[in-house]
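Fold and contact review
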Amino acid sequence: MNKDIEIESKWKSVLKDEFEKPYFGDIKSQIIADIKSGKTIFPPGKLIFNAFNLTPFDKVKVVILGQDPYHGKGQAMGLCFSVPRNITRPASLLNIYKEMNRDLGIPIAEHGDLINWAEQGVFMLNAILTVIEGKAGSHANIGWQQFTDNVIKSISDNKNGIIFLLWGNFAKNKKSLIDSSKHFILESAHPSPLAGNAFQGNSHFSKTNELLISQGLEPIDWNV
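Owing to the predicted nature of the structure, the values given are computational and were not obtained by experimental measurement. (Residues numbered from 1 in each chain as written. Predicted model: local features only at pLDDT ≥ 70, side-chain atom pairs only at ≥ 80, totals over all residues. Heavy atoms only, no water.)

Concerning the overall build of the chain
On a plain count of helices and strands, the chain comes out with nine helices and six strands. Its C-alpha atoms put the chain at 50 × 35 × 25 Å along the principal axes. A total of 224 residues make up the chain; the buried ones form 51% of that total. In the chain, the proportion of contacts linking residues at least 24 apart, taken out of those at least 6 apart, comes to 66%. Carbon together with sulfur atoms contributes 48% to the accessible area of the chain, which is approximately 10,200 Å² in total. (Helix = DSSP H or I, 4+ residues; strand = E, 2+ residues; numbered from the N terminus. Buried < 20%, exposed > 50% of the residue type's maximum accessible area, 1.4 Å probe, protein only. Contact = heavy atoms within 4.5 Å. Areas by Shrake-Rupley, 256 points an atom, 1.4 Å probe, with all protein chains shown as cover.)

A word on the nonpolar core
The biggest cluster of nonpolar side chains holds 65 residues, and the ones touching the most others in it are Trp 11, Phe 49, Phe 52, Trp 117, Phe 123, Trp 144 and Phe 147. The contact partners of Trp 144, leaving out residues within four places of it in the chain, are Phe 24, Ile 27, Ile 31, Ile 48, Phe 49, Ala 127, Ile 128, Leu 129, Thr 130 and His 139. (Core = buried A, V, L, I, M, F, W, Y, C linked by side-chain atoms within 4.5 Å.)

Re helix 9 (residues 204–214)
Looking only at helix 9, the buried set comprises His 204, Phe 205, Ser 206, Thr 208, Asn 209, Leu 211 and Leu 212. In the core, the buried residues of helix 9 are packed alongside strand 2 (62–66), helix 5 (91–104), helix 6 (115–119), strand 5 (163–167) and strand 6 (184–188). Gly 216 sits one or two positions beyond helix 9 and adopts a positive phi of about 75 degrees.

Examining the pairing of strand 3 (residues 122–126)
Regular strands show a simple pattern: their side chains alternate between the two faces of the sheet. A large share of strand 3 lies buried, amounting to five of its five residues. Taking every second residue as pointing to the same face, both faces of strand 3 are buried, with Val 122, Met 124 and Asn 126 on one and Phe 123 and Leu 125 on the other.

Topic: the sheet that holds strand 6
Pairing within the open sheet is parallel, and its four strands lie in the order 3-2-5-6. The open sheet has two edge strands, strand 3 and strand 6, and neither has a second partner. Adjacent strand axes in the sheet meet at a mean angle of 20 degrees when their direction is disregarded. Of the strand pairs in this sheet, strand 5 and strand 6 are connected by five bridges, and their pairing is parallel. Paired with Leu 165 across the bridge in strand 6 is Leu 186. The sheet strands contacting helix 7 (residues 144–158) are strand 2, strand 3 and strand 5, and the helix crosses strand 3 at an angle near 155 degrees. (Pairing = 2+ DSSP bridges. Axes fitted to C-alpha atoms, helices over the stretch in contact; angles between N-to-C directions.)

Any functional reading would require information beyond the geometric quantities listed.
Structural data, given as structure tokens:
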């Protein structure tokens, strides 16, 4: 099964057992069945593992956990919170930008493409990696969460000093997967407007860089 997965080689090695488990075959079968029935799946197949390919396992320094891919046409690109440059910035991402501006004085970008973060070691993982067009959460129960829970555990078990940014209750519920004795966990409200302004003021971007510098690592240039 795992020979069919186009994913960065170290991730492929770390996750090889997951790719060979029955549940992962079930995920693939469900996606194929949905496509055959005329449904459109986001992100496109080549971008499902985009977060893994843009941030190789050995390069991961920061983890941002999202929930579900955007389900509008052209939005999902395999990185949580990120959208391609020609797509309108979602409200949650705009609130992220506003906090970056407050925290670090970074100008609010006119686009929503976060590839620059990924290439610096910010692993942007959605707990659910696919969605049916127009139907939020439609693939929440096909097995992806078992897979991504094990991704989080693999990072926790095999690395040290990773900074996990847990925004909102869904992400905070993943805290039990992370060994807090060897990693850093920063929690806050979700950047969604539904949380009001609770995300503002968390200073997660400057705090992340302080933690990286304290470990002798390059800070993240949060400009996009």
